[in-house]
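Summary of the model geometry
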Amino acid sequence: MHSILLIVFLPLLAAVVAGLGNKAIGFVPAKAITTGALFASCLLSWPIFLGFLAGTNTATVVPVLTWIVSGDMAVDWSLRVDQLTAIMLVVITSVSALVHLYSWGYMSEDPDQPRFFAYLSLFTFAMLMLVTADTLVQMFFGWEGVGLASYLLIGFWFRKPSANAAAIKAFVVNRVGDLGFMLGIFGTFLVFGTVSIPAILAAAPTMAGSTIGFLGMRADTMTVLCLLLFVGAMGKSAQLGLHTWLPDAMEGPTPVSALIHAATMVTAGVFMVCRLSPMFEMSPTALHVVMGVGAATCLFAATVGMVQTDIKRVIAYSTCSQLGYMFFAAGVGAYGAAMFHLFTHAFFKALLFLGAGSVIHAMHHEQDMRYYGGLRKSIPLTFWGMMMGTLAITGVGLPALFGNPLAIGFAGFHSKDAIIEASWAAGEPGVWFVGVLVALITSFYSWRLMFLTFWGTPRWAASEHIQHALHDAHGHGHDDHGHDAHGHDSHHPDEARANPAQAEDSGDRPSVHGASQQDLPAGTGGYHPHESPWPMLVPLVILSIGAIAAGFVFHGYFIEPSAGESFWKGDIAFREHLMHAMHEVPVPVKLSATIAMLIGLATAWYAYIKAPSFPAAVAEQFRILYRFLVHKYYFDELYHLLFVRPAFAIGRLLWHRGDEQTIDRFGPNGSAWVVQLSSRLAGRLQNGYVYTYAFVMLIGLTAVVTWAIAQ
């Protein structure tokens, strides 16, 4: 038996046992089964990955069963194991296993733990099905599976209206992208006569220059197919236009954010583009669209992340921005760099999400960074874990310049800098500038998060959540239903829109529902933050190792010019000349990302440590721009105006005019009215008087005699 069968199906088996057994088997057995299955899958995945790195493994396809046979289409359910799959296997199983372990501590107070762990394992199975797919149909099965599981996980606290709304939003927005993905699959089968991915990629060059009818016009075949497939990637990976679901998805438990929105589902679009890179290479137009959308998303999400005050939403917009990096890397042809950043990003972004969860755990569910401050001494292990993640995402390192023979740095330094250098080497200075600018902004909002959370004076007493905790500590009782379940919007997000200076405050003037500084309780309020339990800290330590070493250890396998032959071996469209050019860019280009990182760090230090009143003054000075960013470029408002309100209006029209006043009126309600009227008329004759009955009998007899005479 090939180990890939156990890797893929152990999480499914665990999900079935924990989901169906639920509370009948108990909390601990359900958690132990699911967590054990994921660690087993993880331990089986790493030897496959290391075997490909060493060159001892070769690509293979493991058949499972014959799935669909319909006319000319035959779809076998097979599991493909190659270099690209091996990367995703270690990313998915490693992060999922650690998230399962982390959830032992984070969800310890939740009454529905078996259901939660079953959902986590089900999601992992669906994601593994996606990355091991040998056909587009099987990939679509996994694609929809992760969509379903993400809906269940985002809306896990289904008694919380905001969680339900976020789950529905994620589901609906992804259906838009999935429509494009389905059309792309249909078109690909129409053109190539197969849904087998290897067969499609082998035949892709033969379709270069051909045209196909689409929307009443002739267009380049590969451009149409690639753009339709990319629409699916935009939805799943939250690219600009279909991004609105990702920040709202933070309504789910924090472990869900680390699993879905850091390392797995949101990277599915990047994986799909890299898997089908030989197709995209046949369409320069499609590649330019991918590059443009990625760069726009990268910049958009970074600018919005600068003004967020919810710690999880800052990291969520950071995820959206980093996905933009991956897509514009693919758009310039640096698929190896895109996958490399996907690989390193999984470790440091999962670390940041889980670290944020540890902070929230310590601060009694408080998620607003304005009510943190001075936490590094209270939760030192969490602080150092978040520090490692921040150093990785901001790209701290020493370039191989000025006598330094080897570039040394944290994970993001190797992968993100490679993307920026590749964009310059590909002859795209505009995209290179966006990449450098976003590196500066990323450094700013990342260090802003760290300074607001771990430095400065404590501002805990101003938090409603902390006040509740202190209230409970004095014996007033507490009904806890799990972290985050209480919601995190108790500080009125509209406050930022109404008063920018008050909202964009570094913490020296925190506000609660518009209260003035003099009315606020100062300092800690007597609250004592607590470090998280060991099941939450162990994953932070392990992910910190990945955030430190993943870039330095593995960069040669992903982006060195020799990697095309030594590692990738045709799994992606590897441009060796681009990798050579990337390593030979001018010194200012090599230093640009590092300089941008230092400027972002210095700006954040000045704004949130040296001169804490500076952010409020800037927000007040640029009030219009600040509101524009707080409103997230008004995408939600625009979509509400263009799609939500018309949809509700049409729904109400069909409900009242169509259903109630037409179907019900002339259908069941009309029939009931006729029966009721007939009954009333008949009831008047049944009054119990003898003369009435005699009169009716006389009328009947007269009618019969009249009929007989007429005959």
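Residues numbered from 1 in each chain as written. Predicted model: local features only at pLDDT ≥ 70, side-chain atom pairs only at ≥ 80, totals over all residues. Heavy atoms only, no water.

**Some thoughts on the nonpolar core**
- Counting 201 residues, the largest nonpolar core has Met279, Phe280, Phe343 and Trp568 as the members making the most contacts within it.
- Top element by residues in this core is helix H15 (residues 335-362). It accounts for 19 residues.
- Contacts of Trp568, omitting those with residues within four sequence positions, involve Gln83, Leu84, Ile87, Gly336, Met339, Tyr557, Phe558, Ala563 and Phe574.
- With 5 residues, the next largest nonpolar core counts Val307, Tyr626, Leu629 and Val630 among its residues. (Core = buried A, V, L, I, M, F, W, Y, C linked by side-chain atoms within 4.5 Å. Buried < 20%, exposed > 50% of the residue type's maximum accessible area, 1.4 Å probe, protein only. Helix = DSSP H or I, 4+ residues; strand = E, 2+ residues; numbered from the N terminus. Contact = heavy atoms within 4.5 Å.)

**A look at helix H16 (residues 380-394)**
- Taking 1.5 Å per residue as the helical rise, H16 with its 15 residues ought to reach 21 Å, and the 21 Å between its terminal C-alpha atoms agrees with that figure.
- Counted residue by residue, H16 has 12 buried out of 15 residues, so it is predominantly covered.
- For H16, the complete set of buried residues consists of Thr382, Phe383, Gly385, Met386, Met387, Met388, Gly389, Thr390, Leu391, Ala392, Ile393 and Thr394.
- The secondary structure elements touched by the buried residues of H16 are helix H14 (311-331), H15, helix H17 (411-425), helix H18 (429-454), helix H22 (534-559) and helix H25 (587-610). (Expected span 1.5 Å × (residues − 1).)

**Focus on the confidence of the model for the protein**
- Averaged over all residues, the pLDDT of the protein equals 87, while 92% of them reach at least 70.
- Low pLDDT (under 50) marks residues 506-521, which in the prediction has 42 contacts with non-local residues, meaning those over four places away or in another chain. (pLDDT = per-residue confidence, 0-100.)

**Brief notes about empty space enclosed by the protein**
- Counting across every chain of the model gives 2 cavities of 30 Å³ or more.
- Approximately 70 Å³ is the volume found for the largest cavity.
- Surrounding the largest cavity, Val314, Ile315, Ser318, Leu352, Thr390, Ile393, Tyr445, Ser446 and Leu449 form its lining.
- If you list the elements that add at least two residues to the lining of the largest cavity, you get H14, H16 and H18.
- Split into classes, the residues belonging to the lining of the largest cavity amount to 6 nonpolar, 3 polar and no charged.
- By volume, the second largest cavity is sized at about 50 Å³. (1 Å grid on protein atoms, 1.4 Å probe; cavity = no way out; pocket = protein on both sides within 12 Å on 5 of 7 lines; lining within 4 Å. Points joined across faces, edges and corners; volume = space filled by probe spheres on them. Nonpolar A, V, L, I, M, F, W, Y, C, P; charged D, E, K, R; others polar.)

**A look at the pairing of strand E1 (residues 60-70)**
- When E1 meets strand E2 (residues 73-81), the two strands line up antiparallel, connected through 9 bridges. Residue pairing in the sheet places Thr60 in a bridge with Val81 of E2.
- Counted between consecutive antiparallel strands, the loop separating E1 from E2 contains 2 residues, among which Gly71 sits at a positive phi close to 60°. (Pairing = 2+ DSSP bridges.)

**As for the layout of surface pockets**
- In this structure, the second largest pocket spans a volume of roughly 430 Å³.
- Forming the boundary of the second largest pocket are 17 residues, of which Met306, Val307, Phe444, Val618 and Leu629 lie nearest the centre.
- Of all elements in the fold, only H18, H25, helix H26 (614-621) and helix H27 (623-630) reach the threshold of two or more residues within the lining of the second largest pocket.
- No other element matches H26, which puts 4 residues into the lining of the second largest pocket.
- In terms of residue class, the lining of the second largest pocket is made up of 14 nonpolar, 2 polar and 1 charged.

**A few points about the packing of aromatic side chains**
- Applying the stated criterion to the full structure yields 39 aromatic pairs.
- With 5.9 Å between their ring centres and 45° between their planes, Phe140 and Phe181 make a pair best called tilted. Of this pair, Phe140 sits in helix H5 (residues 136-154) while Phe181 sits in helix H6 (residues 161-192), and the two are 41 residues apart along the sequence.
- Overall, Phe181 belongs to the buried group, its relative accessible area being 0%.
- What links up through ring pairs into an aromatic cluster is the set Trp46, Phe49, Phe340, Phe343, Phe347, Phe554, Tyr557, Phe558, Phe567 and Trp568.
- A cation over a ring is seen here: Lys31 above Trp104, with NZ or CZ 4.7 Å from the ring centre.
- Looking at Arg175, its charged tip hangs above the ring of Phe171, at a distance of 4.3 Å from the centre. (Phe/Tyr/Trp six-rings, centres within 6.5 Å; stacked < 30°, edge-to-face > 60°. Lys NZ or Arg CZ within 6 Å of the ring centre and 35° of its normal.)

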